[in-house]
Amino acid sequence: MESLRAEPTEGRCTFLSMYDDGYDHAAVERRWQEAWDDASAYRTPDDVEDPTYVLGMYPYPSGQLHMGHVRNYTITDAYARYRRMCGDDVLHPMGWDAFGLPAENAAKERDTSPRDWTFDCIETMKRQMESMGFGYDWEREITTCTPEYYKWNQWLFLRFLREGLAERRDAEVNWCPECETVLADEQVEGDDERCWRCETPVERRELEQWFLSITEYADELVDAIDGLEGWPDSVRQMQRNWIGRQTGTRLEFDVSGAGEEYGGVEAFTTRVDTIFGATFFALAPDHPITEDLTETDESVQAFLEHEADPEGDEPNGVETDLTATNPVTGEELPVFVADFVLSDVGTGALMGVPGHDTRDHVFAEKMGIDVRPVIAPAPDGGEAEPPDVSEEAYTEDGVLVNSGEYSGLESAEARERLTEDVDVADYHTQYRLRDWGISRQRYWGTPIPIVHCEACGAVPVPEGELPVELPEFINTTGNPLDAAEEWKQTACPDCGADAERETDTMDTFVDSSWYFLRYVSPDLGDAPFDLGRANDWMPVDQYVGGIEHAVMHLLYSRFVTKTLADHEGLEHREPFENLLAQGMVQLDGEKMSKSKGNVVSPQAIVSEYGADTARLFMMQAAQPERDFDWSEQGVQSAYRFLSRLKELVGAYAGGGIETTAETDSIAEYVEDETGAAVVVATEEYDGLVFNTAVREAQSLVSTLRQYREYAAVHEETFERALSVSIRLLAPVTPHVCEELWETLGEDGFVVDADWPDSDADRETAEKRRRLVENTREDVRQIVDVAGIDDPERIDIVVTPEWKHEALNVAIDSDAPNVIGALMQRDEIKRHGEAAAAYGQNLQESREALQRTLDPDTELDALESAAWLIEREFDADVRVLAAEDAPDDVREKAEPSRPAIDIVE
RNA sequence: GCGAGGGUGGCCGAGCUUGGACAAAGGCGGCGGACUUAAGAUCCGCUCCCGUAGGGGUCCGUGGGUUCGAAUCCCUCCCCUCGCACCA
């Protein structure tokens, strides 16, 4: 017992090989990983001109690769390998999103430092990546928590500052009490506003924060989405929503009352055409006027303290003693303070039009405010009839009614006229997008390179003094940088007086907003990236990652790219040309998660079945953008396939398969199938549809196994087909294909092999396949229905040429009756009765007629597939040209439908 | 509510862009057979219903429509997933 258990891996493989089941994946994979490494197979030299840039979103080094990573990186790896075999130079790098809160938490728990913990995790994950066989250029590896990297975050920040794109201001921020940090809006999740990391309810705090002015680029960010044709619609739509651009009119209402004159108060509306229907005016609970009112107006105060509920669905409000003057009608409107008016939307004040806005309608009903229709549905002719708005608002555009001189105008036109006519009105565009608050009160991030001086204020650290390095980690409850007294004390760069460093660090999305540029020149010491090379190599040709980054990371990256284009000479305004949002790996329809305990570990799969199996299963399970279920059966099926393939190639190379130099119809069939596989798989790889591509290769392998079983194989054909199969699979299962490439006696790595080529035409190939499949199906049906137990001979008779001609004539002809047209042709006419009958058929199904393969190709396809039928029914099969067949059989044949005669 | 994507045979999943050869590829599962002492692996076939020569019926979420013809195009509704949402 003891000796058997000494080497579990070996033991297992011996067991497997005894039964011809499986192969020693561990040995194969180790061997080729080392060989690739020795040969620097994935190195991209700096002097290549414009490599195909394939990138997976770099991971946060949490310590373990999970299935999501494996899927993500298998997709990029397979694509990178495919492009490389097609002859492209390929840039396929990997790095680490190494800053972030979990490292701090882990450090506290384990009494270590975030740095040590992070580098441990990186080492582990890097090893796991290597064991998966991902072909990265590790010489371009980047790690964002190193001073060599984050120096350039600081540099970037200073450039933003210089260009007026960074500023410090007081802001109410989302504060997570658990993480003791500020969160970006994007990091607050759900209706109940919880922290994205720890799910603690988020609080609000006023703090001085650094902001990057992403809103300056809001228009370009939203407009350029239209040009991102290589991106999924879902992501494009999410970005549009997030930016939330709205165009409308900003106009002033004079507000006064209770002895105060507030003058013009701005309100924003997208529906200025409804202004004649405005019957109230409303202010946000934290609008300056509201704040002023709380001093004097007890009912407002009471409302704010007891009733206002901005989170609730009900619109609540209280009437004030103020009135607002409608700038168009001069009407005096009652002013309310209402909790559904949000200070960060528009101007925090709005005109209420209950007749044409659902929410205003609900509020008006509740408060007893007038409801007045001023927009009517466009009439079909005649007068516009005001809609009944007593129960429900009419929110569509239409024609203005009850609107003085504007009555009769269409909504769109009225909006223009009103905005132009009214002095205190202006076109205005507003956005949902806010500036990007990047300050974080944490240790494990990029220090913001600022010094606070009592005399000079916030002073940027001079570029020459970068990086501002992080001090040693101090285990404390608050911000460790605040506790690092020695580090904090410094001199003001301007006046030299004693000053303190900024103790906030940057949001880690800063790191990831430009990392794809760093790969271009990862060791460059005097700039974040080599400009010339970036101009040549960017944009990323294929970016792959999870949908969870659809907004933040991708939007920030686009923003930063645009600022670099405007200020640093980058010649690209968009970082990612094609984007693939990969689907989830699930278990029983549920997302894998530690808390649910339904996690399948990639490591376990790799040690049991090998990386190639894991990769193959993932890629064949579904299209990359779809979710799919992990399935043990699927994994086993993938594993068995690889074993069979290995056996087949091994048998061939070892002389275990009988060969012949004579070519025949079977060889022709295999040749055609090989060509078809190449054409189809290539197209599918191009479109990243790996599941279909892989299936094509698998079915070719299965054809080869049938061939080998059935006859002595034509050496050249068989070998080429094997070589093609291996190459078609190599992007997905690189190790085993490398091994088989060697077994087959090919030179060099399959990684560097030429992608197979074929002049086959996909459409013809598919027609041939269909013809063969349908014919086989027909034979089965006949045998079955006619109760033929043991057919002795099967004749398959191809349609005579004249019927093909007749079909083509019928398709081309626009004569009312096709029989006439047919009979004008002697070669058809001379078939007399038969021609007339077939013509009748054609006439009846005139519209449904389809072009078919020509008779020679048909004959050829059937002849080469005859062995499949022979094998299946164990009978002689003759494929006959029409002229070689008896009349009564031949007559039944039609194009794409050969006549079948079975002799018992 | 708005927006995006999706609903295919026992299950998974192609196909719908460019309607026709679609009872609808492939895989898995199930059934039968070959091989085997046996199991496993492998191979062959079957796997919606009826049918003694390739036929017929029903079918691709629901209900309509366009068409000679619809899984494929259009509309209605239902359901699922995701994103946004008291956005003025």
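Please refer to the structure placed before this passage.
Residues numbered from 1 in each chain as written. Chains lettered and ligands numbered in written order. Predicted model: local features only at pLDDT ≥ 70, side-chain atom pairs only at ≥ 80, totals over all residues. Heavy atoms only, no water.

Chemist: It is not clear to me how the nonpolar core should be interpreted in this structure. Could you clarify?
Modeler: Grouped burial of nonpolar side chains is what soluble globular proteins tend to show. In this structure, Phe157, Trp436, Tyr515 and Trp630 are the most contacted members of the largest nonpolar core, which totals 181 residues. In terms of residue count, the dominant contributor to this core is helix α22 (residues 632–653) (ten residues). The contact partners of tryptophan 630, leaving out residues within four places of it in the chain, are Met67, Val585, Gln586, Leu587, Met592, Val600, Ile605, Phe617, Met618 and Val635. Ranked by size, the runner-up nonpolar core spans 35 residues in total, among them Ala278, Ala324, Ala414 and Ala425. (Core = buried A, V, L, I, M, F, W, Y, C linked by side-chain atoms within 4.5 Å. Buried < 20%, exposed > 50% of the residue type's maximum accessible area, 1.4 Å probe, protein only. Helix = DSSP H or I, 4+ residues; strand = E, 2+ residues; numbered from the N terminus. Contact = heavy atoms within 4.5 Å.)

Chemist: What is the right way to read the protein's contact with RNA strand B from this model?
Modeler: Not every one of the 59 residues close to RNA strand B is listed here, only the nearest: Gln246, Thr269, Leu342, Arg432 and Glu847. Counting only atoms of RNA strand B within 4 Å of the protein, the sugar-phosphate share comes to 50%. The contact in question runs from a base oxygen of RNA strand B to an N or O atom on the backbone of isoleucine 900, over 3.4 Å. Only α9 (233–243), β11 (260–269), α22, α24 (690–710), α27 (762–785), α32 (855–873) and β35 (899–903) provide two or more residues apiece to the surface near RNA strand B. (Near = heavy atom within 4 Å. Polar contact = N/O pair within 3.5 Å; in protein donor to acceptor, adjacent residues only side chain to side chain.)

Chemist: So what exactly am I meant to see when it comes to the packing of aromatic side chains here?
Modeler: The way to describe two aromatic rings as a pair is by their centre distance and the angle between their planes. Using the criterion set out here, one finds 44 aromatic pairs in the structure. Aromatic side chains phenylalanine 280 and phenylalanine 336 sit 5.9 Å apart centroid to centroid with 85 degrees between the ring planes, which places their arrangement in the edge-to-face category. On the criterion of sequence distance, the pair formed by phenylalanine 280 in strand β12 (residues 280–283) and phenylalanine 336 in strand β14 (residues 332–338) is long-range, its members being 56 residues apart. Each member of the pair, phenylalanine 280 as well as phenylalanine 336, carries the same accessibility label: buried. Pairing tyrosine 443 with tryptophan 444 gives two aromatic rings, centres 6.0 Å apart and planes at 15 degrees, and the pair type is stacked. With a relative accessible area of 2%, tryptophan 444 lands in the buried category. Each member of the aromatic cluster is reached from another via a ring pair, and the members are Tyr58, Tyr515, Phe516, Tyr519, Tyr543 and Phe576. The side chain of arginine 81 reaches across the aromatic face of tryptophan 36, ending 5.0 Å from its centre. Above the plane of the ring of tryptophan 175 lies arginine 205, whose end atom (NZ or CZ) is 4.1 Å from the centre. (Phe/Tyr/Trp six-rings, centres within 6.5 Å; stacked < 30°, edge-to-face > 60°. Lys NZ or Arg CZ within 6 Å of the ring centre and 35° of its normal.)

Chemist: Even after reading the chapter, I still don't get the packing of helix α4 (residues 67–85) against helix α21 (residues 611–621), so can you show me in this structure?
Modeler: To describe two helices that pack against each other, one gives the angle between their axes and the distance between the axes. The N-to-C vectors of α4 and α21 enclose an angle of 85 degrees; their axes lie 10 Å apart at closest approach. Between α4 and α21, the interaxial angle falls into the category roughly perpendicular. Judged by residue contacts, Met67, Val70, Arg71, Thr74, Ile75, Asp77, Ala78 and Arg81 of α4 engage Arg615, Met618 and Met619 from α21. Of the residues belonging to the contact of α4 with α21, the class tally is six nonpolar, one polar and four charged. (Axes fitted to C-alpha atoms, helices over the stretch in contact; angles between N-to-C directions. Parallel < 35°, antiparallel > 145°, perpendicular 65-115°, else oblique. Nonpolar A, V, L, I, M, F, W, Y, C, P; charged D, E, K, R; others polar.)

Chemist: How should the pairing of strand β1 (residues 52–56) be read in this particular structure?
Modeler: On any regular strand, side chains alternate: one points to one face of the sheet, the next to the other face. Among the five residues of β1, five are classified as buried, and the element is accordingly described as predominantly covered. Burial of β1 is two-sided: the residues Thr52, Val54 and Gly56 facing one way and the residues Tyr53 and Leu55 facing the other way are all buried. Note: β1 against strand β2 (residues 90–91), two bridges, orientation parallel. Opposite threonine 52, over in β2, you have valine 90 as the bridge partner. Remark: the β1/α4/β2 crossover connection has right-handed handedness. (Pairing = 2+ DSSP bridges. Right-handed = clockwise from strand over helix to strand, strands pointing away.)

Chemist: Looking at this model, I keep getting lost on the sheet that holds strand β28 (residues 585–587). Mind explaining?
Modeler: Backbone hydrogen bonds are what pair the strands of a sheet, in a parallel or an antiparallel way. Overall, mixed pairing links the three strands, which are arranged β29-β28-β30 in an open sheet. The open sheet terminates on both sides in strands that have one partner only, identified here as β29 (590–591) and β30 (628–629).

Chemist: Any chance you could explain the environment of aspartate 504 here in plain terms?
Modeler: Within the secondary structure, aspartate 504 is located in the loop between β24 (498–501) and β25 (505–506). Given the relative accessible area of 7%, aspartate 504 is considered buried. C-alpha of aspartate 504 to C-alpha of isoleucine 448: the two residues are 56 residues apart in sequence and 6.2 Å apart in space. Beyond its immediate sequence surroundings of up to four residues, aspartate 504 is in contact with Glu208, Gln209, Ser439, Arg440, Gln441, Thr446, Pro447, Ile448 and Asn479.

Chemist: Would you mind going over the pairing of strand β27 (residues 576–582) with me for this structure?
Modeler: Counting buried positions along β27 gives five out of seven residues, so the element sits mostly inside the fold. By the bridge criterion, six bridges tie strand β26 (residues 540–546) to β27 in an arrangement that is parallel. Following the sheet pairing, tyrosine 543 is matched in β27 by leucine 579. Handedness of the crossover is the feature at issue here: the chain leaves β26, passes through helix α19 (residues 552–567), returns alongside β27, and the resulting connection is right-handed.

Chemist: Would you mind showing me how to read the pattern of salt bridges here?
Modeler: Here the idea is simple: oppositely charged side chains can pair when their charged atoms come close. In total, this model carries 61 salt bridges according to the counting rule given. The salt bridge involving aspartate 273 is made with arginine 271; its shortest N-O contact spans 3.0 Å. You can call arginine 271 buried: its relative accessible area is 15%. Across the pair arginine 776 and glutamate 773 runs a salt bridge whose closest N-O atoms are separated by 3.9 Å. In this pair, arginine 776 and glutamate 773 both sit in helix α27, three residues apart, roughly one turn of the helix. A residue is classified by how much of its surface remains accessible, and arginine 776, at 12% relative accessible area, is buried. (Salt bridge = Lys/Arg side-chain N within 4 Å of Asp/Glu carboxyl O.)

Chemist: Whenever I open this one, the sheet that holds strand β23 (residues 489–491) confuses me. Can you help?
Modeler: Here four strands make up an open sheet; going across it, the order is β22-β21-β24-β23 and the pairing antiparallel. Every interior strand has two partners, whereas the edge strands, β22 (457–460) and β23, have only one. The mean inter-strand angle of the sheet, taken between neighbouring strand axes irrespective of direction, is 45 degrees. Note that β23 and β24 share three bridges and pair antiparallel. Looking at β24, one finds that threonine 490 is bridged to alanine 499.

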